[in-house]
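# Examining the three-dimensional arrangement
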Amino acid sequence: MSTATLERNPVPPTAVAPPRTSTLVIIAFGLVYVVWGSTYLAIRVGIESFPPLLLAGSRHLLTGLILYPILRWKTGVRPTASHWRMSFITGFLLLGVGNGGVCLAERTVPSGVTALLVATVSLWMVIVDWLRPGGTRPGGRVAAGLLLGFSGLALLVGPKNLGGSGRVDPLGVGLLLVASLAWACGSVYSKHSGGLAGSALMGTAMQCLAGGVSLWVAGILTGEVNALHLSAISARSWAAMAYLIVFGSMIGFTAYIYILKKSTATRVATYAFVNPVVALFLGWLLIGESINLRTIIAAAVILTAVLLVITAPHPVPQRAKTVAQVAEA
């Protein structure tokens with residue numbers, strides 16, 4: 001991404017990516033897979049004494065306030081009104097509705113189960129990317145993998161007595177489905193709308209500012225500000241907030257924006273299948289969240305879906321084929 005222009009001309013598919021770019025993509029995927037899996041536990045700990053919307057809003061707003069002036073000074077970037085408009089839309093969808101919904105849901109849904117339910121992002125992303133103008137229709141293997149993943153999520157929510165455990169809170173499930181759809185829409189929009197080139201961090205800072213402001217507005221409107229008492233916030237909740245700012249936002253979110261630009265929507269969507277494994281393990285290990293038969297079966301189904309999606313061949317869009325043919329001629 002160039003600091004003054006938007007990305008409009010993708011690299012022809014015949015070009016070979018430099019080794020450094022390939023390595024960075026692999027590292028970024030690893031960060032999104034593992035670091036973001038751990039943020040579900042951090043959110044669970046944070047909302048023990050933070051109001052959920054204000055936890056998310058403070059996390060993203062502080063990240064933006066820290067990064068934005070530093071990046072303006074170091075890069076000399078001057079975002080235009082168009083850049084701010086795109087950042088506000090993306091920040092509102094990804095962070096305001098998406099992450100805010102997750103924080104609200106974790107009041108009643110365990111962190112590991114939350115991560116499993118958020119895996120519906122993969123289904124929504126492929127559908128949204130298909131329905132957008134000029135979108136790519138998913139292949140049969142990808143569609144089968146996503147439907148299998150959705151079946152695993154349905155198995156997690158019901159039937160009622162499977163594995164000796166009750167149903168997941170319906171309101172929490174509804175919040176997570178809305179949050180997942182918003183995150184998918186924001187991701188596809190971010191990938192295809194362009195951005196500030198050359199600085200993924202600048203895009204992250206702007207989106208964090210937009211998302212943080214929208215979450216604080218929501219916190220004010222819902223009365224969470226009146227419930228915020230700094231003296232009542234525990235040390236572990238403050239530590240969770242710090243972890244979310246550094247690893248969840250500055251590192252994890254930047255890596256996510258980077259892979260959105262460098263990979264396909266379907267491959268990016270696979271993070272939502274890997275995160276639950278990390279979240280389930282950490283929730284069980286560190287705060288004693290139970291892993292019952294229902295969860296094990298659902299996780300096994302979802303992991304099978306991950307393999308289908310990751311190993312499936314991805315068709316080249318028609319426009320890219322045309323560019324490649326012209327370049328070869």
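Please read these numbers as outputs of a predicted model, since none were measured by experiment.

Conventions adopted
Residues numbered from 1 in each chain as written. Predicted model: local features only at pLDDT ≥ 70, side-chain atom pairs only at ≥ 80, totals over all residues. Heavy atoms only, no water. Helix = DSSP H or I, 4+ residues; strand = E, 2+ residues; numbered from the N terminus. Buried < 20%, exposed > 50% of the residue type's maximum accessible area, 1.4 Å probe, protein only. Contact = heavy atoms within 4.5 Å. Phe/Tyr/Trp six-rings, centres within 6.5 Å; stacked < 30°, edge-to-face > 60°. Expected span 1.5 Å × (residues − 1). Core = buried A, V, L, I, M, F, W, Y, C linked by side-chain atoms within 4.5 Å. Salt bridge = Lys/Arg side-chain N within 4 Å of Asp/Glu carboxyl O. Axes fitted to C-alpha atoms, helices over the stretch in contact; angles between N-to-C directions. Left-handed = near helix turned anticlockwise from the far one by under 90°. Nonpolar A, V, L, I, M, F, W, Y, C, P; charged D, E, K, R; others polar. 1 Å grid on protein atoms, 1.4 Å probe; cavity = no way out; pocket = protein on both sides within 12 Å on 5 of 7 lines; lining within 4 Å. Points joined across faces, edges and corners; volume = space filled by probe spheres on them. Patch = residues over 30% accessible without salt bridge, like charges linked within 9 Å, V, L, I, M, F, W, Y side chains within 5 Å. Areas by Shrake-Rupley, 256 points an atom, 1.4 Å probe, with all protein chains shown as cover. pLDDT = per-residue confidence, 0-100.

Here we take up the overall build of the protein chain. Across its full length, the protein chain carries 13 helices and 0 strands. In sequence order, the secondary structure elements of the protein chain are arranged as α-α-α-α-α-α-α-α-α-α-α-α-α. Looking at the protein chain as a whole, 49% of its 329 residues qualify as buried. A fraction of 90% describes how many contacts in the protein chain between residues 6 or more apart in sequence connect residues 24 or more apart.

Another point: the packing of aromatic side chains. Scanning the entire structure with this criterion turns up 13 aromatic pairs. On the numbers, 5.5 Å between centres and 55° between planes, the contact of Tyr68 with Trp84 is tilted. Of this pair, Tyr68 sits in helix H2 (residues 52-75) while Trp84 sits in helix H3 (residues 81-105), placing them 16 residues apart in sequence. Exposure remark for Trp84: the relative accessible area of 31% places this residue in the partly exposed category. Seen in terms of ring centroids, Tyr256 and Tyr271 are 5.4 Å apart; in terms of plane orientation they differ by 70°. Their pairing is edge-to-face.

Taking 1.5 Å of rise per residue, the 17 residues of helix H11 (residues 271-287) would be expected to cover 24 Å, and the 23 Å separating its terminal C-alpha atoms lies within 8% of that figure. Of all the residues in H11, the buried ones are Tyr271, Ala272, Phe273, Asn275, Pro276, Val278, Ala279, Leu280, Leu282 and Gly283. Two residues or fewer after H11 comes Gly288, characterised by a positive phi angle close to 70°.

Turning our eyes to something else, we now look at the nonpolar core. Counting residues in each nonpolar core, the largest one holds 80 residues, and the members touching the most others are Leu117, Met125, Trp183, Phe253, Tyr256, Ile259 and Tyr271. A total of 12 residues in this core trace back to one element, the largest contributor, which is helix H9 (residues 235-262). Not counting residues up to four positions away in its chain, the partners in contact with Ile259 are Val25, Ala28, Phe29, Val32 and Val268.

Any two side chains of opposite charge can pair, so long as their charged atoms come close to each other. Applying the stated criterion across every chain yields a total of 2 salt bridges. A salt bridge links Glu48 to Arg236; its shortest N-O distance comes to 2.8 Å. In this pair, Glu48 sits in the loop between helix H1 (19-46) and H2 while Arg236 sits in helix H9, placing the two residues 188 residues apart along the sequence. Among the residues examined, Arg236 registers a relative accessible area of 44% and is labelled partly exposed. The salt bridge partner of Arg132 is Asp129, with a shortest N-O separation of 2.8 Å.

Position of Phe150 relative to the elements: it lies in helix H6 (residues 140-157). Since its relative accessible area comes to 41%, Phe150 is described here as partly exposed. The spatial distance from the C-alpha of Phe150 to the C-alpha of Val301 is 9.1 Å, given a sequence separation of 151 residues. Look past the residues within four positions of Phe150 in its chain and what remains in contact with it is Thr120 and Leu123.

Take Ala205: it is sitting in helix H8 (residues 200-221). Using a relative accessible area of 0% as the deciding quantity, one classes Ala205 as buried. As for Ala205 and Gly91, which are separated by 114 residues in sequence, their C-alpha atoms are 9.7 Å apart. Ignoring sequence-local partners within four residues, the contact set of Ala205 consists of Gly64, Leu67, Tyr68 and Leu71.

Relative to each other, H2 and H8 sit at 145°, their axes nearing to 7 Å. Considering the relative orientation of H2 and H8, their crossing is left-handed. In the contact of H2 with H8, the residues fall into 18 nonpolar, 8 polar and 1 charged.

Here the structure, examined in full by the defined rule, presents 4 cavities of 30 Å³ or more. In this structure, the largest cavity occupies an estimated 250 Å³ of space. Taken together, 21 residues make up the lining of the largest cavity; nearest its centre are Trp36, Tyr40, Asn99, Val102 and Trp183. For the lining of the largest cavity, the elements supplying multiple residues, two or more each, are H1, H2, H3, helix H7 (170-193), H9 and H11. Residue classes in the lining of the largest cavity are distributed as 12 nonpolar, 8 polar and 1 charged.

Together, Phe281, Trp284, Leu285, Leu286, Ile287, Ile291 and Ile296 make up an exposed nonpolar region whose accessible area comes to about 670 Å². Ranked by residues supplied to the nonpolar patch, first place goes to H11 with 5 residues.

Fine structural detail should not be taken from predicted coordinates in areas where pLDDT scores are low. Summing up the model confidence of the protein chain, the mean pLDDT is 82 and the portion of residues at 70 or higher is 82%. The weakest mean pLDDT in the protein chain belongs to helix H13 (residues 318-328) at 41; the strongest belongs to H3 at 94. Within the model, the stretch residues 1-17 combines pLDDT values under 50 with 36 contacts to residues more than four positions away or in other chains.

Before going further, it helps to spend a moment on helix H5 (residues 120-131). Over its 12 residues, H5 runs 17 Å from end to end, which matches the ideal 16 Å to within 8%, given 1.5 Å per residue. Of all the residues in H5, the buried ones are Thr120, Val121, Ser122, Leu123, Met125, Val126 and Asp129.

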